[in-house]
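If you want the building blocks of each chain, they are given just below.
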Amino acid sequence: MISDIIVIIRDYWLLLLIGQYPNGPLGGLAATLILSILAIAFAFPVSIALALARLSKSPFLNWPVTALVYFTRGVPLLMLILWGYFLVPLATGANVPSFLTMLVTLVVYQGAFLSEVVRGGIVALGHGQMEAARALGHSYLGAMRYVILPQALYNVIPSIISVFVSTIKDTTLGYVINVPDLTFAASQINNQLLTQPFQVFFILAAVYYVICWSLTRVAVATESRITRKRAGMVPLPTAKSLKLAALTDQPS
Amino acid sequence: MNTIAPSKNTPMIELKGVCKSYGLYEVLKGIDAEVARGEVVVICGPSGSGKSTLIRTVNRLEEIGSGSISCDGNNIHRPMPAQELNRLRSRIGFVFQSFNLFPHLSAIDNIAMSPIRVKGVSRDAAYAKATQLLERVGLTDKANAYPGQLSGGQQQRVAIARALAMEPPVMLFDEPTSALDPEMVGEVLSVMKGLAADGMTMMCVTHEMGFARDVADRVWFIDQGQIVESAPPEEFFSRPQTTRAQRFLSELRH
């Protein structure tokens with residue numbers, strides 16, 4: 001069993017790593033990582049913008065974004081991906097690469113989910129901080145940037161990381177519209193071997209696990225660095241107390 | 001900007017017919033009052049009388065239903081662009097009952113941040129000023145402490161320094177010592193006394209009648225959304241004119 005896996009990796013490592021490249025598009029792990037990083041990098045600022053829009057008193061900002069968030073939460077991601085894949089070329093006549101379709105869909109979908117996390121963090125902070133900032137003469141957006149968001153985002157780091165991790169895992173769905181990612185490569189290998197699906201997909205699972213686990217570690221390290229910096233708010237973290245502290249601690 | 005040049009004779013704060021209601025409940029029922037330049041006014045009254053609401057309308061943390069409030073010659077409640085309101089607000093210091101320090105910033109960063117971000121003061125100048133202010137409130141050694149590491153009294157003193165950093169000509173205090181342990185009230189009051197002695201115009205909602213007696217030029221007694229009495233402290237405390245004020249003062253003595 002183990003030897004089968006080693007043989008598969010030995011024979012197909014390049015395909016798993018970069019897909020058909022340079023004879024075809026860049027794929028495999030490289031494509032998965034690029035797609036994940038881009039999706040997270042765009043979804044994060046998008047989510048802050050969406051959260052601010054949902055908190056806005058202006059119906060022109062509030063209503064469309066609220067509708068978008070409800071729609072996105074109520075529809076499976078796979079449905080959005082298939083719609084994007086089939087409808088956008090139909091509607092625009094443009095030939096949109098599947099990688100781009102996947103990226104945009106992920107950004108919208110995870111951005112909407114993340115915006116609720118960010119909004120929750122902002123609302124949980126209470127009025128006092130915003131009032132103090134406004135009383136000093138800060139504009140609404142200035143108060144958000146320098147006072148509210150640094151606290152709100154810090155408080156919801158655990159939930160943000162959950163969304164990031166699920167973004168990485170959701171890149172696998174690109175497989176259905178032929179995004180040549182790691183899952184696509186693994187599936188090609190499985191189609192060639194035919195007899196070893198468990199071994200092939202075990203490799204796939206292990207790679208995803210390592211990526212997501214690494215992200216979690218980075219997040220925990222970031223969180224504890226900030227916590228130590230603001231040492232007055234929470235006791236110096238140990239690896240164990242940290243998760244609890246992040247859940248229960250309120251800024252004083 | 002139609003800013004009226006402040007003259008020495010105009011009052012620093014002028015309230016004219018200020019009314020405010022929450023639904024059917026009238027919180028403020030036509031407040032007419034003035035605070036002169038350099039004057040210290042203490043606002044007292046039973047809970048629910050509208051004193052906190054009143055002081056929060058002065059920098060427009062609360063909107064009013066009708067009337068007008070001028071500060072340094074500028075009508076705070078007229079329709080105006082957001083930037084103009086921000087600019088006017090930055091010239092009114094406000095100290096909260098619950099301190100509201102920014103917990104993600106150290107004491108000195110709390111003080112220096114707004115001058116840098118709002119007024120565009122250089123970092124060097126802002127931190128030099130912040131250091132001075134920390135000295136003024138007696139917390140030089142706590143410059144790099146975070147709010148969570150400070151006692152309530154220390155936090156409130158940093159909050160006063162933070163408000164002073166914007167160099168406002170007027171300071172508003174909304175029950176600044178009500179959230180403090182008794183042994184910390186004195187350190188905050190003595191900072192406020194120092195401010196008054198330096199000629200700062202101050203409006204202060206407080207239950208500290210000793211402070212009112214020592215520092216205030218005038219006491220406003222508010223009940224049911226109206227200023228019922230306005231008198232110098234010695235007069236107010238020794239000869240309250242209305243039964244409501246008499247009852248309030250006798251209850252305080254218990």
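(A) Spotlight on the confidence of the model for chain B. A residue-level look at chain B finds 97% of positions with pLDDT of 70 or above and a mean pLDDT of 94. Taken together, the chains of this predicted complex give a pTM of 0.88 and an interface ipTM of 0.93.

(B) A look at the side chain of glutamate 229 of chain B. Residue and element names in this part refer to chain B. Along the chain, the position of glutamate 229 falls in strand E10 (residues 226-231). Buried charge without a partner: glutamate 229 forms no salt bridge, and the closest opposite charge is arginine 244, 8.3 Å away. Engagement of the side chain of glutamate 229 in a polar contact is seen with the backbone nitrogen of threonine 242, the distance being 2.7 Å. Those residues in contact with glutamate 229 that sit more than four places away from it in its chain are Val219, Trp220, Phe221, Phe236, Pro240, Gln241, Thr242 and Ala245.

(C) Highlighting the pattern of salt bridges. Residue and element names in this part refer to chain B. Under the criterion given, the structure shown has 20 salt bridges over all chains. A salt bridge links lysine 16 to glutamate 14; the nearest nitrogen and oxygen atoms lie 4.0 Å apart. Assessed through its relative accessible area of 46%, lysine 16 is described here as partly exposed. Its salt-bridge partner being glutamate 187, residue arginine 157 comes within 2.9 Å of it at the nearest N-O pair. Linking arginine 157 in helix H5 (residues 152-164) with glutamate 187 in helix H6 (residues 182-197), this pair joins segments that are 30 residues apart in sequence. Overall, the relative accessible area of 11% leaves arginine 157 in the buried class. For glutamate 187, a relative accessible area of 24% corresponds to the partly exposed category.

(D) Geometry of the environment of isoleucine 64 of chain B. Residue and element names in this part refer to chain B. Tracing the backbone through its elements, the reader meets isoleucine 64 in the loop between helix H1 (51-58) and strand E4 (66-71). Put simply, isoleucine 64 and serine 21 are 43 residues apart on the chain and 7.9 Å apart in space, counted from C-alpha to C-alpha. Setting aside anything within four residues of it in sequence, one finds isoleucine 64 in contact with Val18, Cys19, Lys20, Thr57, Ile69 and His77.

Calculation rules
- Residues numbered from 1 in each chain as written.
- Chains lettered and ligands numbered in written order.
- Predicted model: local features only at pLDDT ≥ 70, side-chain atom pairs only at ≥ 80, totals over all residues.
- Heavy atoms only, no water.
- pLDDT = per-residue confidence, 0-100.
- Helix = DSSP H or I, 4+ residues; strand = E, 2+ residues; numbered from the N terminus.
- Buried < 20%, exposed > 50% of the residue type's maximum accessible area, 1.4 Å probe, protein only.
- Lys, Arg positive; Asp, Glu negative; His and termini not counted.
- Salt bridge = Lys/Arg side-chain N within 4 Å of Asp/Glu carboxyl O.
- Polar contact = N/O pair within 3.5 Å; in protein donor to acceptor, adjacent residues only side chain to side chain.
- Contact = heavy atoms within 4.5 Å.

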